[in-house]
Structures are given as C-alpha cells and as structure tokens.
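# A look at the structure
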Amino acid sequence: MALKIRKNQSPPAPYDCPLSECLSIIGGAWTPNILWNLSAGARRFSELRHDMPKISAKMLTTRLKELEEKGIVERSVLPTSPPSVEYALTREGRELLPAIEAIAAVGRKLKRRRKKAA
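Residues numbered from 1 in each chain as written. Predicted model: local features only at pLDDT ≥ 70, side-chain atom pairs only at ≥ 80, totals over all residues. Heavy atoms only, no water.

## Describing helix H4 (residues 57–69)
Stated formally: Counting from the N terminus, the helices are the DSSP runs of H or I reaching at least four residues and the strands are the DSSP runs of E reaching at least two. Every helix has an expected span of 1.5 Å times one less than the residues it contains. Each residue gets one of three labels from its accessible area relative to the maximum for its type: buried under 20%, exposed over 50%, partly exposed in between, using a 1.4 Å probe on protein chains only. Each C-beta atom gives one direction from the helix axis, and the arc is the one those directions make. Note on definitions: a residue-residue contact is assigned when non-hydrogen atoms from the two residues lie within 4.5 Å.
In a regular helix each residue adds 1.5 Å, so 13 residues correspond to 18 Å; H4 covers 18 Å between its end C-alpha atoms and thus fits that length. Leu60, Arg63, Leu64 and Leu67 are the residues of H4 that are buried. Relative to the axis of H4, the buried residues are bounded by an arc of 100° and lie together on one face. Structural note: H4 exposes Lys58, Lys65 and Glu69 on the side pointing more than 90 degrees away from its buried face. Close packing links the buried residues of H4 with helix H1 (18–26), helix H2 (31–38), helix H3 (45–51), strand S2 (73–78) and strand S3 (84–89). Two residues or fewer after H4 comes glycine 71, characterised by a positive phi angle close to 80°.

Quick look at the structure:
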C-alpha cells in the first residue's frame, strides 16, 4: 500500500524564489572558498591561487568572471608595472558572508560529531 502524500506545511516559495537566487551564486564549486578568502579584503589572483592550492587557474578564472558578472566580486587593475589585478567583494558580496560563516559553523559541528562517532 502506498503512503499518503502529506500536505506541505512550509509557506509557498515566492515567485522567483530568493533562496534559489542566492544558492545559484554560492552553490558553485569553489565559490564559497573564494568568498571566504576575499572576506578579509582584496586579493590578487596569485594570492587566491596560493590560498586555494587545489584549484586550477582555469577554474579560478572562470569562477571569478562569473562572480564579477553577477555583481558579487569587483576586479580592479592596479597601476603597477607590470599591471596586476586584484579582486574584492562588492557590497552584495559582503552581504553573503553571514551565510558562508553559518555554513562553516555547521560544518565544524558536523566534523566534531563525526570525530566523536569514530
């Protein structure tokens, strides 16, 4: 016998769900790490590569371009010789940091729980 489908008690998702919009930004591979590493201030490309040694240059370039297009990261060309580029969070990018910090806090709890169970 099939189980009866229960009525969903959650409020209906608004049109153009804001949760989906936010997750479309922070849900990509390496994106939370990039936001985390930019949380303390602007970083040059080479510094971000150093911060995240497992990310390829191509993937980092791709993610930074996507975040720039979405208005989360701003790219600035510095007047040095040779010119260098640095990346910083925009105001909207900084607004995502509490969500990233909350996810990290839950991750720490889950890791502690897993260690205790082992």
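Alright, that's what it looks like, and here's the rest.
## Digging into the environment of valine 73
With respect to the secondary-structure elements, valine 73 resides in strand S2. Between the alpha carbons of valine 73 and isoleucine 34 there is a distance of 9.7 Å; along the sequence they are 39 residues apart. Among residues more than four places away in sequence, those in contact with valine 73 are Leu38, Leu64, Leu67, Glu68, Tyr87, Ala88, Leu89 and Thr90.

## Quick notes on the sheet that holds strand S1 (residues 43–44)
Keep this limit in mind: Strand pairing requires that DSSP identify at least two bridges connecting the strands. Here the axes come from fitting lines to C-alpha atoms, over the contacting stretch only for helices, and the angles between their N-to-C directions go from 0 to 180 degrees.
Spatially, S1-S3-S2 is the arrangement adopted by the 3 strands of the open sheet, whose pairing is antiparallel. The open sheet is flanked by S1 and S2, the only strands paired with a single partner. Bridge analysis of S1 against S3 gives 2 bridges, and the strand direction is antiparallel. What sits directly across from arginine 44, in S3, is glutamate 86. Across the sheet, H2 touches S1, S2 and S3, and the angle it forms with S3 is around 95°.

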